[in-house]
Amino acid sequence: MGIDGDPAAGPPAEQTVVHRNGNHETGSNGEVKTEEKNSGATIFCPEDEYTNDGSVDFHGNPANRKKSGGWKAAPFILGNECCERLAYYGINTNLVNYLTDGLKQGNAQATKNVNNWSGTCYITPLIGAFLADSYFGRYKIIAVFSIIYFIGMVLLTISASVPGLKPPCFNSKDADCHASTSQTGVFFLSLYLIALGTGGIKPCVSSFGADQFDEMHDVEKKKKSSFFNWFYFSINIGALISSSVLVYIQDNVGWGWGFGVPTVAMGIAITSFFSGTALYRHQKPGGSPLTRVAQVIVASVRKWAYPVPHDKSLLYEVQDKESAIQGSRKLDHTDGFLFLDKAALETENDKSEAGLINPWRLCTVTQVEELKGVIRILPIWATGIIFATVYSQMGTLFVEQGDLMDIRIGPHFKIPPASLSIFDTLSVIFWVPVYDRLIVPIARKFTGHQRGFTQLQRMGIGLVISISSMVVAAIVEIKRLDLVKKHNYYKLEHMPMSIFWQVPQYFLIGCAEVFTFIGQLEFFYDQAPDAMRSFMSALSLTTVALGNYLSSLLVTIVTDVTTKDGKTGWIPNNLNYGHIDYFFWLLAILSVLNFLAYLLIAHWYTYKRPVGTELSK
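Residues numbered from 1 in each chain as written. Predicted model: local features only at pLDDT ≥ 70, side-chain atom pairs only at ≥ 80, totals over all residues. Heavy atoms only, no water.

Let's talk about the overall build of the protein chain
- Scanning the protein chain from terminus to terminus reveals 16 helices and seven strands.
- Residue burial in the protein chain is summarised as follows: out of 617 residues, 55% are buried.
- Once local pairs closer than 6 in sequence are excluded, the contacts in the protein chain between residues at least 24 apart make up 78%.
- When the accessible surface of the protein chain is totalled, it reaches about 26,500 Å², and 62% of it is carbon and sulfur. (Helix = DSSP H or I, 4+ residues; strand = E, 2+ residues; numbered from the N terminus. Buried < 20%, exposed > 50% of the residue type's maximum accessible area, 1.4 Å probe, protein only. Contact = heavy atoms within 4.5 Å. Areas by Shrake-Rupley, 256 points an atom, 1.4 Å probe, with all protein chains shown as cover.)

Right under this line is the structure:
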């Protein structure tokens with residue numbers, strides 16, 4: 001039987017594992033109980049033989065801890081992520097140049113097309129996540145969408161290599177040279193197949209990797225926290241290769257090879273993923289989360305006139321040891337949003353004549369707590385938008401600031417200002433092992449927390465570091481403008497101030513990512529309802545897109561306000577006459593306000609409480 005088979009199917013030798021709330025029932029001596037099918041006798045198997053979080057193997061049987069998951073399976077997922085990110089950034093990093101040089105699009109049109117495609121890549125994960133959580137599981141969605149991704153990559157490489165499909169305008173000075181409709185069509189078809197492919201991978205692969213670690217087991221729970229660190233490390237290894245080696249190939253060797261190498265990398269990613277199939281643990285899909293949310297809301301509204309009992313044990317919950325939601329543990333009742341508890345209040349109208357419960361009139365406590373959990377996560381999610389706005393400056397104002405600085409290294413070599421983002425990547429690669437191997441053990445001695453910091457503390461530290469990056473960027477710009485005024489460098493294309501003055505601001509953002517972005521990965525996995533983890537991971541990704549949109553909105557507002565009455569404004573075409581330091585200070589102030597709001601939200605936040613487990617933070 002496949003991974004969508006009966007989760008209660010037992011281990012070999014005619015034994016079935018007794019589950020409690022999606023976990024294995026344990027005896028007084030800490031061993032896992034099993035029951036003999038025919039005799040009914042209870043025997044005991046070693047505590048560590050099977051996982052306690054309800055995960056199953058590829059055949060639908062309870063996952064054997066020693067034969068599946070953990071760091072035996074995780075390297076295949078990390079290899080997949082590293083190669084897939086190499087492929088993605090191999091396209092994204094230099095795509096605007098392909099559009100302007102190959103398809104002869106104008107700067108505005110090319111920028112619009114890149115933004116549209118990038119935005120789509122952060123919207124399609126909502127589709128993949130919904131399908132994974134609701135019907136098919138993470139493994140199948142990653143597998144199918146990876147193949148779609150690879151088909152798009154192959155088609156993209158063909159469109160840049162095969163005569164007739166390859167745009168004829170490269171290196172052409174003819175202003176009337178344009179790609180044909182069919183050439184443009186094939187190119188954008190391949191590009192949006194890739195965007196669709198990312199929709200199945202982005203929200204699922206980090207959650208699927210975390211599924212390999214049993215969060216009901218203390219040792220594996222620690223390893224899961226470490227997994228998220230190395231997962232983000234893998235992303236940045238792929239990004240580092242893309243922003244250096246692949247950009248050079250595309251600019252100096254050709255776009256056929258420039259797209260061909262990422263295609264090979266995606267092929268390796270798929271091979272790596274399928275190679276670990278026999279070792280993976282799987283969490284079963286739990287049905288449509290949107291339907292469950294709607295049922296709680298409708299049932300609560302229908303019972304708006306009923307008072308919520310003081311004794312919360314009177315609220316409805318199934319008597320079975322497992323949750324009524326497949327793939328989810330039972331959740332304890334939590335205070336707050338008490339109106340929603342009305343959905344679990346039993347009344348005489350909740351059952352049909354046949355005695356069946358109407359799910360649009362009566363919901364379980366676990367189902368109500370799912371919705372409460374999502375509501376509590378949303379404010380934390382919202383505070384990530386300002387952080388993403390700061391992060392987005394690396395691709396915009398940081399580059400424009402660097403354009404006016406001294407980009408020479410020696411007498412002959414010039415460094416492209418956009419390439420300085422490599423120091424962000426190097427910062428992440430540096431800080432991940434430092435955090436995992438040095439900071440966490442030291443912090444653990446002071447806090448007593450197994451992760452060193454709680455997830456909310458970790459994200460908060462990253463928010464503070466991001467503020468410092470904006471402060472440093474503003475100070476660098478103040479110094480640059482002082483030199484411009486002092487020596488009258490207004491008309492110089494590159495003033496004699498080294499671009500490497502920007503390194504600290506890139507390095508600080510990389511450090512902030514290690515705390516906030518990785519903290520978000522872990523937080524959204526741990527605190528999301530068990531049967532909604534892919535969907536909540538997809539939701540966390542939308543902060544990146546919204547951060548970019550907010551940055552664009554702020555630029556528009558600042559430009560409109562500061563150019564009134566014929567003034568130059570903060571962000572003119574020639575930044576030597578402007579004040580982007582003011583814009584950096586604005587972002588720093590917004591980040592401080594965002595951090596203060598985050599502190600209030602974090603203080604108010606109530607962690608998810610699965611039945612029979614300690615409070616997880």
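Examining unusual backbone geometry
- The backbone phi angle of F337 is positive, close to 50°, even though this residue is not glycine.
- Positionally, F337 belongs in the loop between α9 (289–302) and α10 (365–392).
- Judged by its relative accessible area of 28%, F337 is partly exposed.
- Phi is positive for N488, which is not a glycine, with a value near 55°.
- Mapping N488 onto the fold places it in the loop between α13 (455–487) and α14 (503–527).

Comments concerning the packing of α10 against helix α16 (residues 580–604)
- For the pair α10 and α16, interaxial distance at closest approach is 10 Å and the crossing angle is 160°. Relative to α16, the element α10 is oriented roughly antiparallel. As for how α10 packs across α16, the hand of that crossing is left-handed. Only L587, L590, S591, N594, Y598, I601, A602 and W604 of α16 make contact with α10, whose side of the interface consists of R376, P379, I380, T383, I386, T389 and V390. (Axes fitted to C-alpha atoms, helices over the stretch in contact; angles between N-to-C directions. Parallel < 35°, antiparallel > 145°, perpendicular 65-115°, else oblique. Left-handed = near helix turned anticlockwise from the far one by under 90°.)

Describing a nonpolar patch on the surface
- A cluster of nonpolar side chains, namely I589, V592, L593, L596 and L599, defines an oily patch on the protein surface of about 440 Å² accessible area.
- Within the fold, L596 resides in helix α16.
- Look at L596 and you get partly exposed, because its relative accessible area is 45%. (Patch = residues over 30% accessible without salt bridge, like charges linked within 9 Å, V, L, I, M, F, W, Y side chains within 5 Å. Salt bridge = Lys/Arg side-chain N within 4 Å of Asp/Glu carboxyl O.)

A few points about the pattern of salt bridges
- Taken as a whole, this structure holds 24 salt bridges when the rule is applied.
- For the salt bridge of R65 with E220, the shortest nitrogen-to-oxygen distance reads 3.2 Å. Of this pair, R65 sits in the loop between β5 (42–45) and α1 (70–92) while E220 is found in helix α7 (residues 218–252), placing the two residues 155 residues apart along the sequence.
- Overall, the relative accessible area of 8% leaves E220 in the buried class.
- In this structure, the salt-bridge partner of R408 is D406, at a minimum N-O distance of 3.1 Å.
- According to the relative accessible area criterion, D406 is buried, its value standing at 17%.

Some thoughts on the packing of α14 against helix α15 (residues 533–562)
- At their nearest, the axes of α14 and α15 sit 8 Å apart, and the two run at 150° to each other. As α14 packs across α15, the resulting crossing turns out to be right-handed. Residues Q520, F524, Y525 and D526 of α14 form the contact with α15, whose participating residues are R533, M536, S540 and T543.
- Of the residues belonging to the contact of α14 with α15, the class tally is three nonpolar, three polar and two charged. (Nonpolar A, V, L, I, M, F, W, Y, C, P; charged D, E, K, R; others polar.)

Things to note about the environment of S242
- Looking at where S242 falls in the secondary structure, it is placed in helix α7.
- Once the C-alpha coordinates of S242 and G258 are considered, the two residues, 16 residues apart in sequence, prove to be 9.9 Å apart.
- Ignoring anything within four residues of it in the chain, the contact list for S242 reads R85, L86, Y89, G90 and V247.

What about the packing of aromatic side chains?
- Evaluated as defined, the whole model comprises 40 aromatic pairs.
- On the basis of an interplanar angle of 75° and a centroid distance of 5.7 Å, the ring pair of F398 and F584 is categorised as edge-to-face. With F398 in helix α11 (residues 397–403) and F584 in helix α16, the pair connects residues that are 186 residues apart, well separated along the chain. Neither F398 nor F584 differs from the other in exposure class; each is buried.
- For the ring pair F423 and F500, a centre distance of 6.2 Å and an interplane angle of 90° mean the geometry is edge-to-face. Separated by 77 residues along the polypeptide, F423 in helix α12 (residues 422–447) and F500 in the loop between α13 and α14 bring together distant segments of the chain.
- Classification of F423 by relative accessible area gives partly exposed; the value is 22%.
- F500 sits in the partly exposed class, given a relative accessible area of 33%.
- Here the basic side chain of R85 rests over the ring of Y89, its NZ or CZ set 5.5 Å away from the ring centre. (Phe/Tyr/Trp six-rings, centres within 6.5 Å; stacked < 30°, edge-to-face > 60°. Lys NZ or Arg CZ within 6 Å of the ring centre and 35° of its normal.)

Concerning the nonpolar core
- Residues W117, F187, L456 and M536 are the most contacted members of the largest nonpolar core, which totals 99 residues.
- Split by domain, the residues of this core number at least three in each of domain 1 (50–287) and domain 3 (369–607).
- By size, the runner-up hydrophobic cluster in this structure holds 31 residues, among which are M394, I499, I509 and L587. (Core = buried A, V, L, I, M, F, W, Y, C linked by side-chain atoms within 4.5 Å. Domains from an automatic or database assignment.)

Quick word on empty space enclosed by the protein
- Summed over the entire model, instances satisfying the criterion amount to four cavities of 30 Å³ or more.
- For the largest cavity, the calculated volume is near 110 Å³.
- As for the largest cavity, its lining consists of 15 residues, of which L331, E369, G373, R376 and K608 are closest to the centre.
- Per-element tally for the lining of the largest cavity: the top contributor is α10, with four residues. (1 Å grid on protein atoms, 1.4 Å probe; cavity = no way out; pocket = protein on both sides within 12 Å on 5 of 7 lines; lining within 4 Å. Points joined across faces, edges and corners; volume = space filled by probe spheres on them.)

A few points about the side chain of E84
- Tracing the sequence through the fold places E84 in helix α1.
- Those residues in contact with E84 that sit more than four places away from it in its chain are Y149, T198, I201, M266 and A269.

Points about the confidence of the model for the protein chain
- Scored by pLDDT, the protein chain comes out at a mean of 84, with 89% of its residues at no less than 70.
- In this model residues 1–46 is a low-confidence stretch, pLDDT under 50, and it forms 116 contacts with partners more than four residues away in sequence or in other chains. (pLDDT = per-residue confidence, 0-100.)

Considerations on the state of the cysteines
- By the definition in use, this model includes zero disulfides.
- Summary of cysteine pairing: C83 is not part of a disulfide, and the nearest cysteine sulfur, belonging to C82, is at 5.3 Å. (Disulfide = S-S within 2.5 Å.)

Brief notes about the environment of E49
- Structurally, E49 can be placed in the loop between β5 and α1.
- The class for E49 is partly exposed, based on a relative accessible area of 24%.
- Distance in space between the C-alpha atoms of E49 and N64 is 5.6 Å, their sequence separation being 15 residues.
- With residues up to four places along the chain from it excluded, the contact list for E49 reads A63, N64, R65 and K66.
- At 3.4 Å, the side chain of E49 forms a polar contact with the side chain of Y50. (Polar contact = N/O pair within 3.5 Å; in protein donor to acceptor, adjacent residues only side chain to side chain.)

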